[in-house]
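Close look at the chain arrangement
Each chain, letter by letter, is given below.
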Amino acid sequence: MLQLDVQSIDLFYGAAQALRGVSLQAQRGKVTAVLGRNGVGKTSLMRAITGQQAISAGSIWLGDQPIEAKQSFERARMGIGFVPQGREIFPLLTVRENLETGFAALARQEHSVPDFIFDLFPVLADMKQRRGGDLSGGQQQQLAIARALVMRPKLLILDEPTEGIQPSVIKDIGRAISFLREKQTMAIVLVEQYFDFARELCDSYVVMDRGHIVLAGEKSAMVEADVRKHLSV
Amino acid sequence: MLRRLFVIFGLVVLLAGGAVRASYADDATLTLKRLATDNYADIELGIAAVAASGLPSAEAVLNALADSRLSYRSADKALFFKDASGSWIDAATNTMPAEQPSGLKPVKVNNRVRRALEAALGSMTLMAADPQKRIAAAEAVFKSRDVNTLAALESVIAKEQDAVVKRHFEEARAAVLLLKVDAPESDRVAAAERLGERGDQDSLALLGAVSEANASANTVVAAKLAAKGISRRLALLSTVQNAWYGLSLGSVLLLAAIGLAITFGVMGIINMAHGEMVMLGAYTTFVVQEIIRTKAPGLFDWSLPIAIPLAFCVSALVGLLIERTIIRYLYGRPLETLLATWGVSLMLQQAVRSAFGANNREVGAPSYMSGVWDLNGFQITYGRLWIILFGLAVFVALLGVIKGTSLGLKMRAVIQNRRMAAAMGIRTPLVDALTFALGSGVAGIAGVALSQIDNVSPNLGQSYIIDSFLVVVFGGVGNLWGTLLGALSLGLANKFLEPIAGAVLGKIILLAVIILFIQRRPRGLFALKGRAVEQ
Amino acid sequence: MITFFIRHFDRTAIGFVTTLLLIAVVVPLLNLAVPESSAFHIPTYLVSLWGKYLAYALLALALDLVWGYCGILSLGHGAFFALGGYAMGMYLMRQIGARGVYADPVLPDFMVFLNWKELPITWYFFDHIGYTLLMIVLVPSVIAFVFGWFAFRSRVTGVYLSIITQSLTYALLLAFFRNDMGFGGNNGLTDFKYIIGFPVQAASTRATLFALTALFLALGFLLARAMVVSRFGQILASIRDAESRTRFLGYRVEHYKVLVFVVSAAMAGIAGALYVPQVGIINPSEFSPSNSIEAVIWVAVGGRGTLVGAAIGAVLVNFAKTWLTGSFPELWLYGLGALFILVTLFLPKGIVGSLAVVVQRMKGGSAA
Amino acid sequence: AAKAEDTIKIGILHSLSGTMAISETTLKDTMLYLIDEQNKKGGVLGKKLEAVVVDPASNWPLFAEKARELITKDKVVATFGCWTSVSRKSVLPVFEELNSILFYPVQYEGEESSKNIFYTGAAPNQQAIPAVDYLMENEKVQRWVLAGTDYVYPRTTNKILEAYLKAKGVKAEDIMINYTPFGHSDWQTIVADIKKFGSTGKKTAVVSTINGDANVPFYKELGNQGIKATDIPVVAFSVGEEELAGLDTKPLVGHLAAWNYFESVDTPENKEFIAKWQAYTKNPKRTTNDPMEAHVIGFNMWVKAVEKAGSTDPSKVIDAMIGVAVPNLTGGLSTMMPNHHITKPVLIGEIKADGQFNTVWQTPGTVVANEWSPYLEGSKDLIADWRAPLSCGNFNVKTGKCGGKS
Amino acid sequence: MNLDLTDSILYVDAVSVSFDGFKALNDLSFVVGRGELRAIIGPNGAGKTTMMDIVTGKTRPDNGMVIFDGSIDLTTRDESAIAALGIGRKFQKPTVFEGQTVEDNLLLAVEGPRSAWSSLFGWRSRVTVDQVLETLSTIRLGDLKHRLAGSLSHGQKQWLEIGMLLAQNPKLLLVDEPVAGMTDAETEETARLLTSIAGEHAVVVVEHDMSFVRALQCKVTCLHEGSVLAEGSIDAVSANDRVIDVYLGR
Ligand SMILES: Nc1ncnc2c1ncn2[C@@H]1O[C@H](COP(=O)(O)OP(=O)(O)OP(=O)(O)O)[C@@H](O)[C@H]1O
Ligand SMILES: Nc1ncnc2c1ncn2[C@@H]1O[C@H](COP(=O)(O)OP(=O)(O)OP(=O)(O)O)[C@@H](O)[C@H]1O
Ligand SMILES: [Mg+2]
Ligand SMILES: [Mg+2]
């Protein structure tokens, strides 16, 4: 089922255009990978979807609702969970409180942190009372993923989630993403530079270059050399 | 009956030794007429005469005089007083006159007259039924040290059942005896000891007056000893007292700063209009009292409990308005909030000035807030006590909201990373507005308390803004505990410096100390440490 | 040396300096040489008034240097202004000499009637203009140096620094209020008569003072500009934006901060010294924290980090104040308050800053 | 511009904002009332008066600026204004330079006499010294607390009082002097100290020169700590009806103030004035106070002098002023003396529960101001006399020279 | 050990540091030789960044010493003094001067006098301008040199910071996770870059990307819970059972 439908959007930073007619679809129970070199507009696209940056043309649909006019927090309440690039955890809130900020989008009876989160990231259980900002970079990244999962999103957006994370945990995250996909409750958009990781997890992919989508398709149709061409310097 | 007789007896003794050569007060009206004059010296003499007259209305007349309810008819110098219900009573007959008297002139009182009244009423009420009144009477005698009351005192001491009242009586007797040259030495020594036990400044003064010139060697030694004990005690007491003053100043600073700890400390808005929120709270109190005064005077004691929620609402609403119209465009530009809120502050001041005038407005103290609670010389003024308790209560409540509620969590999240908070589904505009309104509302509550000790004028806010910022910053921005500790330690430091250096120099020293202290702890008393802060 | 001052001159800078030099010449001329009946005549009171604005502008410039370019929000710059002012005030008091009401040749009047017997040491040598000029610069600089040295070495930053600068000026306010300090207490220093032998009241003296103020403002501007366009200024900006990162690059942040702080304090001191003879009084309320805050507001109104804007902001706000207090005495606070709010909301970079953005955009637009 | 010629402009230079607005706003209203009254009577010299109001905003340099503006730009012929000494000091050179007239309505420390200023408030000997005399005689006070805000008026007044008390045989240890900063609001320690100082058995009184805003918390603290007027009376020189309006006066009954006018003064002139004033302000509760009366006197004097001189030209008016006598509101006649100060009666009043004063003592006639205090070392030889040929504000009778005129 | 010392550029000696009772570094010791390229790996929270904080003076150790260049104790100096000695750092989270252009960022970093006076009167010389241009081409941001650093994408900031480090030309480079957010191709490029500058400079790199670490072909130190868990060649370390358990995963 089509969960996210981005239809040829444009995005500007001041006078500089970062996205040019970009379209993207994500299905429930599927992982869509977004690949591309530095500065091609991946993060900008995610910001557009989550409402952190306004778009100047095009439309964005979540399920059957247009959301491009909605505020960022409204989109979150509609079910968009976001793991931003650069972690952006709340530095002065404890790990626990960081997780609890995810409750804001939930009904009262859902105010609990699912157990599987601590299974996935045991370090967070140990550090519940520590302030988020004191954690190491990788720990913060884990926290950021966990926090988004607390929201039980319909659409999970992961912007380079493995950045700074140790190999064993990357494997765990990979397993977790598979697990979430299997649950068939959410669509996952994964921005990744780490080609092998992305290829392993995704069901479909897009490759961006200079604000455009230059390649798109199902995983089965993915040709490594074509993609790598766009990722090389 | 016995009591009446006794009073008469006591006062006859009083008169016998007194300066008044009363022509025996057979003609009551004649005695009363002595009060019907404009000459204070005559009134003073008249009081003594009336007190001694044994008139049934004597106490009522003197009380009326003390409360400025006594008047006389210029034509015939007949005295009338207003009773509790406000109707005129003829003093001579102690009954309501047939027709309303006219052409009345009030009997004027000044301090001299008041003193004479206190003394006279004091001796007259030694036997009052109310123990509080008896204590007051004893204190009046203690102050006047009137030798003529001695006999009366002896007799009431013998009869008194209440231990506390008895102690006061005995102290009064001791005060009289100590400086009575012709009293037996043993009595005077005992009196010195008694006063030593009482141990206050007044006793010390009395003991200091004992010297070889007016007392025997033994008495002098006893007095010296007692005085020494008192001095030691008083020195200790003054430290405790200072700590109390410090605490109470600290609580005022806390109240003034606590709203700012939200708007500035938590939200990072350099809120120059904070003081005006406090001011709005104070004016709300004024308005509430004004309405109560005209509409329901009986509710006066409830004026503050009524004003507190109202002040919160008024300031919170104004805060809300400011946030929605101005501040919300300034998130992410904290320095510019200084400029805008300064503008707001100017406008609010002028608005209040236009609405209420430039003058101070009167805010009265409810009965439970006036008076002193004397703990054996350690004096706690009720007003201050309430303010301390109130300050702490507000602090605890606020801490509860910030740390314990989901709103508190959202507030902190929004402040730390607005964009991410929105991405988590937090309604940032709402949370911003509520946070600012909360901070403003708390400032308004503080205004209710501050109206009790300071001017209620358009400048009220200005006089607290600097101290408020100082407290919040000194305590450590963003930390409510820091604000509490900052306020209390500044209050204490101020009050311990003041006796040593004087008010002005003390304050200068304190500021210098703060400047130096910040060098040691560049992020305030309760600095947040660690990586988390640097991000 | 000259190149140090004039490098990277742009049109705004040239325009600003030329305007200043022009009014330094023209205003006194129109005041002194043009007959009063002429429509071009500028009355003396306006000359002094504008002189005062320009002195404030110099203070704002000094503040912008530390705040706009180095992120040091000083809420105590009024202190340096007032110290410079007091130094000048003391000189002017000593110039009165035996012409005071009590005709005491040495002691100023307020000392005579408070029964002072001799001149306090702090007042020595203030009858020499050279010494006074030295003190005008030295006293604020030294205080700024000591204060800054400690604060910046201890890494006091942000609001903490703002608040201790405020405490500094507040402490000085209280100290100068104290009559025992020997600076005239609350009444301060007034009733000046002569400056370097010229009567302060004379129109020619006032015109000269005005010209001097304009000149110093131009000089201050050149100095500040030279500092901020140099590599030094770039490092200041780095300190402002990411202090700790600058340290990791090996820059001794505290040295940079102390240096601008001292230069700025000295400029503020000079501004104060120029201000005093023109307004005729210096009193401790110049130390009051709200004065310093107001100075910050001028800078914000004009545009932080623009120098020219700071000066313009100071003139504009003070002009508005003069005009409003005279024309709408009961409503002026609304007007001024609204001005501040509107500037923040609609001209987020201040007047000059926002203008610059517009100009930039227009240029960019025409180029594209 | 032509229209401006039809009216005579009067400047009003009182702070309407800032810390002094509390006191000064009323004076602005008073002036507007007086000018309105005068216009109803046909104005002066056949011309209507026009008030020019400006707001110097409690900012001393701004006072000077506004004064200059009033005189040069608005061309006012006389100005009524200032409250604090420093504001007067700030504008004094301006008035002298531009040769205009200022009426200054507030009690102050003296030690000044300017050709261009008419002082309609009290000098220390018209307020402080009679108050001390009263306490000494009537309350038998032996110990004195001189509490004041640390600025020139209290300093000078206390210097004078100290010298005066010592001359009367009061010992140094029986005088306690205490200074506090402006706007001091925490009086706990000081009031406790006063209490302590006053409980040695000797009768003690406080002479308060505490200024402005600081008074309210001071009196509130007195009430809190239960200091009653019968124990330690406080006599104040800057607390009037206006200040009391902001206080719950019940605990303060009996504390004193020394002024030259009280609202409660029972004279027909005063009754009429109050009635008209309240009608003008449309506020039946509006109080009056001493500085207001000073403006009433000053204004009436100016009108008289203008009529006498037949011109509003300041130099002529200045000459005509001396000797002008107008009725004051306490039933007497106040006269402008050659020292540019006026004669005034001195009244001592006790605070009543309703916020008014009860006059408990009054000088039999009016008192002439000692602008130069005989109790101060530097000024005891000085006199002021602005009549020709002396025409000097600080003439030294010892050296025979007029200071400042070299 | 002594021999090591005079020969070493960095000698971390028994350093411990704890935060509110949590031991982030526990008796950590290791030596980096002159011109050596060293990779440091270890689980999240092992203390790698904390170690760099200590070397650069950001954090003071509770015990232990850090000796630079054989004789200079770093623990008593502050950040700018340490940087001036020739230690440069790239942070884990890219930190650049967001308000300044890419070019200016590099200009600030370029080695040269750092004193306030010299900055007042000196201006960029030919040499520094060349150096900047060279660095710009190395990091491939030449096109963006007039852009504000704040408007760069995450990866571009990473590159800029690497460029600043290069421009600084320090004796010792501490590089915290340089390839996070870079494509595989860029990662290889970075590895080449770092190996090339080693020899002349000592380089300490922290990374989680094992293929990158492998490409560095250098000695690897694995930290765990604040101390060294294993040290040696990449093959030896990655074969270590403990390292697999706590770090690499199975
Ligand atoms: N806040 C901003 N202001 C201006 N330009 C920006 C801003 N953020 C990003 N850009 C520019 O927009 C373009 C796309 O940036 P974006 O962050 O989307 O890239 P990305 O694909 O996520 O890169 P990376 O892999 O480095 O994270 C880049 O050229 C960048 O310089
Ligand atoms: N100020 C602090 N307060 C509390 N704990 C801290 C603080 N600083 C660091 N820590 C803890 O110390 C440990 C080491 O952190 P460090 O950042 O050095 O790890 P790291 O090895 O760099 O990890 P990563 O690979 O995730 O970046 C972490 O567990 C972290 O939570
Ligand atoms: Mg990105
Ligand atoms: Mg790390």
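All values derive from a computational prediction rather than experimental measurement. Every chain is numbered independently, its residues counted from 1 as its sequence is written. To label them, take the chains in the order written and letter them from A, then take the ligands in the order written and number them from 1. Local features in this predicted model are restricted to residues of pLDDT 70 or higher, and side-chain atom pairs are both shown and tallied only at a pLDDT of 80 or more, whereas totals for entire chains, interfaces and linings draw on every residue. Working from all heavy atoms in the structure, the side-chain values ignore hydrogens and water.

**Quick look at the site of ligand 1**
Any residue with at least one heavy atom within 4 Å of a molecule or strand is counted as near it. Neighbouring ligand 1 are 21 residues, the closest being T43(A), S44(A), R147(E), S153(E) and G155(E). One finds residues of chains A and E in close proximity to ligand 1. For ligand 1, the accessible surface in isolation is 630 Å², of which the surrounding protein chains cover 86%. Each helix corresponds to a stretch of at least 4 residues labelled H or I by DSSP, and each strand to a stretch of at least 2 residues labelled E; elements are numbered beginning at the N terminus. Breaking the shell around ligand 1 down by element, the ones donating at least two residues are α1 (42-50) of chain A together with α7 (154-168) of chain E. No other element matches α1(A), which puts four residues into the shell around ligand 1. Tallied by class, residues from the shell around ligand 1 come to four nonpolar, 12 polar and five charged. Where accessible areas are quoted, they stem from the Shrake-Rupley method and a 1.4 Å probe; at the residue level, only the protein chains shown are allowed to cover. Three classes are used: nonpolar for Ala, Val, Leu, Ile, Met, Phe, Trp, Tyr, Cys and Pro, charged for Asp, Glu, Lys and Arg, and polar for all others, with Gly counted as polar.

**Some details on the coordination of the magnesium ion (ligand 4)**
Protein ligation of the magnesium ion (ligand 4) involves T49(E) (OG1) and Q92(E) (OE1), the donor distances falling in the range 1.9 to 2.2 Å. With T49(E) in helix α2 (residues 48-55) and Q92(E) in the loop between β6 (87-90) and α4 (102-109), this pair connects stretches of sequence that are 43 residues apart. A donor here means any N, O or S atom no more than 2.8 Å from the metal (3.2 Å for Na, K and Ca); water is not included, so a site may seem to lack partners.

**Regarding helix α3 (residues 40-53) of chain B**
Residue and element names in this part refer to chain B. With 14 residues, α3 extends 19 Å between its outermost C-alpha atoms, agreeing within 8% with the 20 Å of an ideal straight helix rising 1.5 Å per residue. A simple rule labels every residue: compare its accessible area, found with a 1.4 Å probe on the protein chains alone, to the largest value its type can have, and call it buried under 20%, exposed over 50%, or partly exposed in between. All of the buried residues in α3 are Y40, I43, G46, I47, A49, V50, A51, A52 and S53. In the analysis that follows, any N or O atom pair within 3.5 Å is treated as a polar contact, provided that within protein one partner can donate a hydrogen and the other can accept it, and provided that, for residues neighboring in sequence, both atoms belong to side chains. Sitting at the head of α3, N39 places a side-chain oxygen 2.8 Å from the backbone nitrogen of A41. Downstream of α3 by a residue or two, G54 has a phi angle that is positive, lying close to 75°. A helix is expected to span 1.5 Å multiplied by its residue count minus one.

**Points about the domain arrangement of chain B**
For each domain, the first and last residues come from an automatic or database assignment. Per the domain assignment, the segments of chain B are domain 1 (2-208) and domain 2 (237-533). Averaged C-alpha coordinates put domain 1 of chain B and domain 2 of chain B at centres separated by 48 Å.

**Details of the coordination of the magnesium ion (ligand 3)**
Ideal geometry at a metal gives 109.5 degrees between four tetrahedral donors and either 90 or 180 degrees between six octahedral ones. Residues and elements named next belong to chain A. Bound to the magnesium ion (ligand 3) on the protein side are T43 (OG1) and Q85 (OE1), at distances that span 1.8 to 2.1 Å. Of the two residues, T43 sits in helix α1 while Q85 sits in the loop between β6 (80-83) and α3 (95-100), which places them 42 residues apart along the sequence. Like T43, the residue Q85 is buried in the burial classification.

**Let's talk about the pairing of strand β6 (residues 143-149) of chain D**
Residue and element names in this part refer to chain D. In terms of burial, β6 is largely enclosed, as seven of its seven residues are buried. Because side chains alternate across β6, one face comprises the buried residues R143, V145, A147 and T149, and the other comprises W144, L146 and G148, equally buried. Relative to strand β8 (residues 204-209), β6 is paired through six bridges, and the arrangement is parallel. Following the sheet pairing, G148 is matched in β8 by T209. Any two strands with at least two DSSP-identified bridges between them are counted as paired. Here β6 runs beside strand β7 (residues 175-180); their pairing, made up of six bridges, is parallel. Looking at the pairing, G148 lines up with Y179 of β7. Handedness of the β-α-β unit built from β6, helix α5 (residues 152-167) and β7 comes out right-handed. By convention a crossover is right-handed if, when the strands point away from the viewer, the path from the first strand over the helix to the second runs clockwise.

**Observations concerning the packing of aromatic side chains**
Note on aromatic contacts: the rings of Phe and Tyr and the six-membered ring of Trp form a pair at centre separations within 6.5 Å, being stacked when their planes are under 30 degrees apart, edge-to-face when over 60 apart, and tilted otherwise. Enumeration according to the criterion identifies 55 aromatic pairs over all chains in this entry. With centroids separated by 5.1 Å and ring planes inclined at 50°, the aromatic side chains of F474(B) and F517(B) adopt a geometry described as tilted. Highlighted residues: F474(B) in helix α19 (residues 460-475) and F517(B) in helix α21 (residues 503-520), separated in sequence by 43 residues. Between Y56(C) and W298(C), the aromatic rings sit 4.7 Å apart at their centres with planes inclined by 50°, giving tilted as the arrangement. Of the two residues, Y56(C) is situated in helix α3 (residues 44-70) and W298(C) in helix α12 (residues 289-302); the sequence distance between them amounts to 242 residues. Here the aromatic residues Y86(C), F110(C), W123(C), F176(C), F183(C) and F287(C) are joined through ring pairs into a cluster of three or more. One residue, R130(A), lies across the ring of F22(E), its end atom 3.8 Å from the ring centre. Whether a charge lies above a ring is judged from NZ of Lys or CZ of Arg, which has to be within 6 Å of the ring centre and within 35 degrees of the ring normal. Sitting over the ring of F197(D), R143(D) keeps its end group 3.8 Å from the ring centre.

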